[in-house]
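What follows is the residue order along each chain.
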Amino acid sequence: MPFADRLNNVETSAIRELFKLLGKPGIISFAGGFPDSAMFDVDGIREASNAALAKDPGAALQYGATEGFNPLREQLAAFMAQKGAKDVAPDQLIVTTGSQQALDLLGKTLISPGDKVIVEGPTFLATIQCFRLYGAELVSAPIDGDGVQTDKLEHLIAEHKPKFVYLIPTFGNPSGAMLSAERRKRVLELAVQHNTIIVEDDPYGDLYFGEAPPPSLLAMSPLVEGSRELLVHCGSLSKVLSPGLRVGWMIGPAELLAKATMCKQFSDAHTSTFAQSTAAEYLKAGRMPATLDKVRSVYAQRAKTMGDALRQELGDAVSFVQPQGGLFVWARLTGAGGKVADGNDYAKRAIEQGVAFVPGAPFFCAHPDHATFRLSFATAPEDKIVEGVSRLAKAL
């Protein structure tokens, strides 16, 4: 087949390839990046979908506006206000088919072949693939437990003059890192100083364990004059309500949203109006706070169980930062005591022991750290986490 040249820039997801190995009976998987389906508020979503069909079935089942179902846009603006972004008007956001589509729309509207884009190292694998599909030259910005290292980010922005910088400031995938408040303000300052667009991807920010994280870059933007005009914020209901609804949103400058809406019109006309209407009714019903409380409590305990088990079973063979939220533990093999030090080798040995995770190297756009790997605690009950980590110890 005469495929487009742009496909030469991307390859099949290493994670999807790994899933092909997971058919082995009895395997415990820490590989997935999705929420636990047992956490879904099925009753609440059922009530919301029934309400959507009862109140205005024509609107819920008909074609809709590309930029989004207006009642949902109103509810999402209110949802953002509850999280500190108090000045978001409904017409300042568009609804996307998951936040994944928002990233695709950014690629379509902002990236020309050869443009440089700065991403974290490591970062969301699908982002690397998406931006490369549009011809971006990706530049890796190093991170630590407090998120992107802003001093090094500043040098990279000055050197490469990127089209934009893509960050997951709160409980990033795969790193689980949380950008400190001080660094968040500095990122906004860098945006203004260098006239550089910052894309804030925030699918995990509501999944905190204990203290709430610092406000989003969007919520902090009033502190740095001029930063709001250079900021794009992507949100999603996938990790907190249901991935199957495929409801995300993008907040950004009017000029960008207009171009993104035009491109979205070409690709899917609009996000499912039935899904949008259901999400609007759910948010309006006020069930989200209780749902989040439940999810946070369960994931917090699972994260603690995994951290305790890793320290007890693997000891100094791995290093990691205990996550304060999100879905992931990002770990690094130390090679201590002559133990395995390569994530790919370790993944194969783990599969043989009946446990799966994702090696870390694919999450880097450049200079991969082959000793790293990602574990998800979200979908495994605590007894399975303990057993799974015991198997990881045997695989060392």
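A. Broad picture of the overall build of the protein chain. From N to C terminus, the protein chain includes 14 helices and 14 strands. Its C-alpha atoms give the protein chain principal-axis dimensions of roughly 60 × 50 × 50 Å. Within the protein chain, buried positions represent 55% of all 396 residues. Taking contacts inside the protein chain between residues at least 6 apart in sequence as the whole, the part at least 24 apart equals 74%. Side-chain charges of the protein chain comprise 39 positive and 44 negative groups, with the mean position of each set lying 4 Å from the other.

B. Spotlight on the sheet that holds strand S3 (residues 116-121). Judged by pairing direction, the sheet is mixed, and its eight strands sit side by side in the order S2-S9-S8-S7-S6-S3-S4-S5 without closing on themselves. Here the strands that pair on one side only, and so sit at the sheet edges, are strand S2 (93-97) and strand S5 (147-148). Alignment of S3 against strand S6 (residues 164-167), held across three bridges, turns out to be parallel. The partner of Val119 across the bridge, within S6, is Tyr166.

C. Examining the environment of Val10 more closely. Mapped onto the secondary structure, Val10 falls in the segment before helix H1 (14-19). In this structure, the C-alpha to C-alpha distance between Val10 and Thr291, residues 281 residues apart in sequence, is 37 Å.

D. Molecular detail of the pairing of S6. Residues Phe164 and Tyr166 line one face of S6 and the alternating positions Val165 and Leu167 line the opposite face, and both faces are buried. Of the strand pairs in this sheet, S6 and strand S7 (residues 197-201) are connected by four bridges, and their pairing is parallel. Across the sheet, the residue bridging to Tyr166 is Val199, located in S7. One crossover worth recording links S6 to the parallel S7 by way of helix H8 (residues 181-194), and it is right-handed.

E. Representation of the packing of helix H2 (residues 42-55) against helix H11 (residues 273-285) within the structure. Contact geometry for H2 and H11: axes closest at 8 Å, N-to-C directions at 115°. Accordingly, the angle class assigned to the pair H2 and H11 is roughly perpendicular. For the pair H2 and H11, the crossing hand works out as right-handed. Along its contact with H2, which presents Gly44, Ile45, Ala48, Ser49, Ala51, Ala52, Leu53 and Lys55, the element H11 presents Phe274, Ser277, Thr278, Glu281, Tyr282 and Lys284. For the contact of H2 with H11, a count of residues per class yields seven nonpolar, four polar and three charged.

F. Looking closely at the nonpolar core. Counting residues in hydrophobic clusters, the biggest one holds 116 residues, and the most contacted among them are Phe30, Phe131, Met250, Tyr346 and Leu392. Non-local contacts of Phe131, meaning those with residues more than four positions away in its chain, are made with Leu103, Gly107, Ile111, Val117, Val119, Ala136, Leu138, Phe164 and Tyr166. Membership of the second largest hydrophobic core comes to nine residues, among which are Ile27, Ala31, Leu125 and Phe363.

G. Summary view of the environment of Arg374. Residue placement: Arg374 occurs in strand S14 (residues 372-376). Relative accessible area serves as the criterion here: at 2%, Arg374 is assigned to the buried category. One polar contact links the side chain of Arg374 to the main-chain carbonyl oxygen of Ala31, over a distance of 2.7 Å. A distance of 2.8 Å separates polar atoms of two side chains, one belonging to Arg374 and the other to Asn173.

H. Structural detail: the side chain of Asp115. Mapping Asp115 onto the fold places it in the loop between helix H5 (98-110) and S3. Within the local environment of Asp115, its side chain forms a polar contact with the backbone nitrogen of Ser112, the two atoms lying 2.7 Å apart. Here Asp115 is in contact with Leu110, Gly135, Ala136, Glu137 and Lys163, once residues within four sequence places are set aside.

I. Main features of the state of the cysteines. A full pass over the atoms with the stated rule returns zero disulfides. Here Cys234 stays free of any disulfide, with the sulfur of Cys130 as its closest cysteine sulfur at 11 Å. Cys234 sits in the buried class, given a relative accessible area of 0%. Free cysteine Cys263: the closest other cysteine sulfur is in Cys130, separated by 12 Å.

J. The arrangement of the packing of aromatic side chains in detail. If you walk through the whole model with that rule in mind, you get 10 aromatic pairs. Centroid distance Tyr346 to Phe357: 5.1 Å. Interplanar angle 45°. Geometry classified as tilted. With Tyr346 in helix H13 (residues 343-353) and Phe357 in the loop between strand S12 (355-356) and strand S13 (358-359), this pair connects stretches of sequence that are 11 residues apart. Each member of the pair, Tyr346 as well as Phe357, is classed as buried.

K. Examining the packing of H5 against helix H10 (residues 254-267) more closely. Here H5 crosses H10 at 110°, and the two axes come no closer than 9 Å. The angle between the axes of H5 and H10 places the two elements in the roughly perpendicular class. Facing H5, whose interface residues are Gln101, Leu105, Leu106, Lys108, Thr109 and Leu110, H10 presents Leu256, Lys259, Ala260, Cys263, Lys264 and Ser267. Within the contact of H5 with H10, the residues separate by chemical class into six nonpolar, three polar and three charged.

L. Focus on a nonpolar patch on the surface. Taken together, the side chains of Met1, Phe3 and Leu7 make up a nonpolar region of the molecular surface, amounting to roughly 410 Å² of accessible area. Turning to its location among the elements, Met1 is positioned in the segment before H1.

The rules behind these values
- Note that residues are indexed from 1 along each chain, following the sequence as it is written.
- For a predicted model such as this one, the threshold for reporting local features is a pLDDT of at least 70, and the threshold for listing and counting side-chain atom pairs is 80 or more; totals across whole chains, interfaces and linings nevertheless cover every residue.
- Side-chain measures were taken over the full set of non-hydrogen atoms in the model, leaving aside hydrogen atoms and water.
- Secondary structure elements are taken from DSSP: a helix is a run of H or I of four residues or more, a strand is a run of E of two residues or more, and numbering for both begins at the N terminus.
- For every residue, the accessible area obtained with a 1.4 Å probe (protein chains only) is divided by the maximum for its type, and the residue is called buried under 20%, exposed over 50%, and partly exposed between those limits.
- Throughout, a contact is declared for two residues whenever any of their heavy atoms are within 4.5 Å.
- None of His or the chain ends enter the tally, which takes Lys and Arg as positive and Asp and Glu as negative.
- By convention, charge coordinates are those of NZ in Lys, CZ in Arg, CG in Asp, or CD in Glu.
- A pair of strands counts as paired when DSSP detects no fewer than two bridges linking them.
- Handedness of a crossover is defined as follows: orient the strands so they point away from the viewer, and if the path from the first strand over the helix to the second runs clockwise, the crossover is right-handed.
- Axis definition: a line fitted to C-alpha atoms, limited for helices to the stretch in contact. Angles are taken between N-to-C directions and run from 0 to 180 degrees.
- Comment on the angle field: the value is read as roughly parallel under 35 degrees, roughly antiparallel over 145, roughly perpendicular from 65 to 115, and oblique elsewhere.
- Two helices crossing with the near one rotated counterclockwise from the far one by less than a right angle form a left-handed crossing, whereas a clockwise rotation gives a right-handed crossing.
- As a working rule, the residues Ala, Val, Leu, Ile, Met, Phe, Trp, Tyr, Cys and Pro are called nonpolar, Asp, Glu, Lys and Arg charged, and the rest polar, with Gly in that last group.
- Take the buried Ala, Val, Leu, Ile, Met, Phe, Trp, Tyr and Cys residues and link them wherever side-chain atoms come within 4.5 Å; each set so joined is a nonpolar core.
- In protein, a polar contact means a hydrogen-donor-capable atom and an acceptor-capable atom, both N or O and within 3.5 Å, with residues adjacent in sequence counting only if both atoms are side-chain atoms; elsewhere, any N or O pair within 3.5 Å suffices.
- Working definition: a disulfide is two cysteine sulfur atoms within 2.5 Å of each other.
- Think of it this way: a Phe, Tyr or Trp ring, Trp meaning its six-membered ring, pairs with another when their centres are within 6.5 Å, and the plane angle makes it stacked under 30 degrees, edge-to-face over 60, tilted otherwise.
- Residues qualify for a patch when their relative accessible area is over 30% and they have no salt bridge, like charges being joined within 9 Å and the nonpolar side chains of Val, Leu, Ile, Met, Phe, Trp and Tyr within 5 Å.
- Methods summary: accessible areas were calculated by the Shrake-Rupley approach with a probe of 1.4 Å, and residue burial reflects only the protein chains presented.
- What counts as a salt bridge is simple: a side-chain nitrogen of Lys or Arg found within 4 Å of a carboxyl oxygen of Asp or Glu.

These values are about where atoms sit, not about what they do.
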